[in-house]
Amino acid sequence: MSGRVPSIPMSIDLAGLATSIGTRCDLDLERDLPLSLQRALEVVSILLGVDAAGMMLADAEGALRAVSASDQRAQAVDQHQEASGRGPCIAAFNRRTPV
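Residues numbered from 1 in each chain as written. Predicted model: local features only at pLDDT ≥ 70, side-chain atom pairs only at ≥ 80, totals over all residues. Heavy atoms only, no water.

### Looking at the side chain of Ser68
Inference 1: Relative to the helices and strands, Ser68 is located in strand β2 (residues 64-69).
Inference 2: On the basis of relative accessibility, which here comes to 11%, the residue Ser68 falls in the buried class.
Inference 3: Here Gln38 takes part through its backbone nitrogen, which lies 3.4 Å from a polar atom of the side chain of Ser68. (Helix = DSSP H or I, 4+ residues; strand = E, 2+ residues; numbered from the N terminus. Buried < 20%, exposed > 50% of the residue type's maximum accessible area, 1.4 Å probe, protein only. Polar contact = N/O pair within 3.5 Å; in protein donor to acceptor, adjacent residues only side chain to side chain.)

### Details of the environment of Met55
Inference 1: Within the fold, Met55 resides in strand β1 (residues 54-58).
Inference 2: As for Met55 and Asp78, which are separated by 23 residues in sequence, their C-alpha atoms are 7.8 Å apart.
Inference 3: Those residues in contact with Met55 that lie beyond four places of it in its chain are Leu37, Leu41, Arg65, Ala66, Val67, Ser68 and Asp78. (Contact = heavy atoms within 4.5 Å.)

### Regarding the pattern of salt bridges
Inference 1: For the structure on display, the rule yields two salt bridges.
Inference 2: A salt bridge links Asp59 to Arg65; the shortest N-O distance between them is 3.0 Å.
Inference 3: Here Asp59 falls in the partly exposed class, since its relative accessible area comes to 23%.
Inference 4: Among the salt bridges present, the one from Glu82 reaches Arg65, with a minimum N-O distance of 3.5 Å. Of the two residues, Glu82 sits in helix α3 (residues 72-84) while Arg65 sits in strand β2, which places them 17 residues apart along the sequence.
Inference 5: According to the relative accessible area criterion, Arg65 is partly exposed, its value standing at 35%.
Inference 6: Here the salt bridges share partners, and the residues they tie into one network are Asp59, Arg65 and Glu82. (Salt bridge = Lys/Arg side-chain N within 4 Å of Asp/Glu carboxyl O.)

### As for the pairing of β1
Inference 1: Where β1 lies against β2, five bridges are found, and the strand directions are antiparallel. Bridging from a neighbouring strand, Leu57 pairs with Arg65 of β2.
Inference 2: With antiparallel pairing between neighbouring strands as the criterion, β1 and β2 make up a hairpin whose turn holds five residues, including Gly62 at a positive phi of roughly 90°. (Pairing = 2+ DSSP bridges.)

Structure below.
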C-alpha cells in the first residue's frame, strides 16, 4: 500500500451550492450548535451530491461518536455504527483511508 489517498471524482453543483449557502446564512454557532451542524451537513450533502451526510468525531479515548447528521436516516446509521463499532465510518477511521 502506497499510503496515498485515492482521488474521489466529484462534481459540485455550483447553483445548488449558492442556493444552499444563501438559505443557511442564519447559522448561529453560539446559540444553537446542533442545528448549525445539521444545516452544515445539509450543505455538505448538496455539495457532494449525496442523499445524506453525517459527522462522527473521536472522543478522548479514540472511539468514534455520532455528532450530527443531515437527516434522521443518516443519524440512525451513525448511531448504529457507534453502538456496534462497525461500519464504513469506523473502518475509514481505523484504516485512515476512504472506504
